[in-house]
Amino acid sequence: MLYIVATPIGNLEDITFRAVRILKESDYIFAEDTRVTKKLLNHLEITNTLYRYDEHTKQHQVENIINLLKEGKNVALVTDAGTPCISDPGYEVVDAALKEGIKVVPIPGVSAMTAAASVAGVSMRRFIFEGFLPKKKGRQTLLKSFAEEKRTIMFFESPHRVVKTLKDIEEFMGVKEIVLIREITKIYEEIIRGTTTELISKFEKQTLKGEFVIIVRGNEQEEKREKVNKYAKDQYEEEDYEDEE
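To start, this report covers the structure provided alongside it.

Procedures and definitions
Residues numbered from 1 in each chain as written. Predicted model: local features only at pLDDT ≥ 70, side-chain atom pairs only at ≥ 80, totals over all residues. Heavy atoms only, no water. Helix = DSSP H or I, 4+ residues; strand = E, 2+ residues; numbered from the N terminus. Buried < 20%, exposed > 50% of the residue type's maximum accessible area, 1.4 Å probe, protein only. Polar contact = N/O pair within 3.5 Å; in protein donor to acceptor, adjacent residues only side chain to side chain. Contact = heavy atoms within 4.5 Å. Axes fitted to C-alpha atoms, helices over the stretch in contact; angles between N-to-C directions. Parallel < 35°, antiparallel > 145°, perpendicular 65-115°, else oblique. Left-handed = near helix turned anticlockwise from the far one by under 90°. Nonpolar A, V, L, I, M, F, W, Y, C, P; charged D, E, K, R; others polar. Pairing = 2+ DSSP bridges.

## Examining the side chain of Gln-61
Turning to step 1, where the next piece is worked out: Along the chain, Gln-61 turns up in helix α3 (residues 58-70).
Turning to step 2, where the next piece is worked out: By relative accessible area, which is 8% here, Gln-61 ends up buried.
Turning to step 3, where the next piece is worked out: Within polar-contact distance, the side chain of Gln-61 engages the side chain of Asn-64 at 2.9 Å.
Turning to step 4, where the next piece is worked out: Leave out the neighbours within four places in its chain, and Gln-61 touches Phe-30, Tyr-51, Arg-52 and Tyr-53.

## Description of the packing of α3 against helix α4 (residues 90-99)
Geometry of a packed helix pair, given as the angle between the helix axes and the separation of the axes.
Turning to step 1, where the next piece is worked out: Two elements in contact, α3 and α4, have axes separated by 10 Å at closest approach and are oriented at 40 degrees. One element, α3, and the other, α4, form an angle in the oblique class. Of the two possible hands of crossing, α3 and α4 adopt the one that is right-handed. Judged by residue contacts, Lys-58, Val-62, Ile-65, Ile-66 and Leu-69 of α3 engage Glu-92, Val-93, Ala-96 and Ala-97 from α4.
Turning to step 2, where the next piece is worked out: Each residue belonging to the contact of α3 with α4 can be placed in one class, and the counts come to seven nonpolar, no polar and two charged.

## Some details on the sheet that holds strand β6 (residues 127-132)
Turning to step 1, where the next piece is worked out: As summarised here, the arrangement of the five strands in space is β6-β7-β10-β8-β9, forming an open sheet in which the pairing is mixed. Strand pairing shows two members of the sheet lacking a second neighbour, β6 and β9 (190-195), which therefore form its edges. Each neighbouring strand pair of the sheet contributes to a mean axis angle of 15 degrees, computed without reference to strand direction.
Turning to step 2, where the next piece is worked out: Relative to strand β10 (residues 212-216), strand β8 (residues 177-182) is paired through five bridges, and the arrangement is antiparallel. Looking at β10, one finds that Leu-180 is bridged to Ile-214.
Turning to step 3, where the next piece is worked out: Strand contacts of helix α7 (residues 162-173): β7 (152-157), β8 and β10, with the helix running at about 15 degrees to β10, the strand carrying the most contacts.

Take a look at the structure:
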C-alpha cells in the first residue's frame, strides 16, 4: 500500500497520531530530501529505511517504488514539509500506482496553502493556487493573464525573490492588495498586509528570511468592496440631504 503522508511545515508538533503510526509501520519511506526528513524521524524515534524521491531521482524511483508495492511492501511518501504531491513530483508515483491498481491512501495533515488561507482575512471560497511562479520563461505571460482575475490568487515564493515578485505583480497586474504570510507555524511567523506598492517600499531594502505565501486579493472582492463603499456613501449623502431639508 502507498501512503501519502503530510508532515509538519515548521513546528514539529503539527503531525497527526495516524501519520506517526504509518511512518513507523511502513517498510520504506521515500522523501524529497532525506536530510530534512531524517530530522523529523529522529525526533519521532523512527528508524525505518529512508530513500530519496525528488525531481532528480524520480525517473528510476517511480519504478522502484511500484516494484516494492507489487511485492506487498508498505511505502510512505513524504515531502520536505506539508502535504506531498502539491508542489513536488509526488503525483507521478501516485499516478503510476493507480494505473497498476495499487491502493493509495492519503494521511492528511498540515499544508502551507490551507494554513495561509485560514489567516489571510481574504475570501478563499474561490481561489487559484499557482505554487511557485516560473523564474523566467512564461512568468510575464502568466501574470498578465491574472490581471482581470476575479478569484483570489495564491503563490509560494522564496525570500530572495519576494520583492521582485511583488514588482512583477504590480507591473503586469496593476496595483493589488496583497497578504504575505511568512514562516508559518515557526517562531517568526508573520502576516503582513498592504498594497504591492506599500510592501515593495517596506521590504525593498530588507534582507528577508523564511518561505513566503503570497495571496493576491481577486478583483471580485475589490468590486464588492467598491459597491459596499458606494452604497454607504450614497446612504450618507441621502441622510445628509434630508437633514438639510
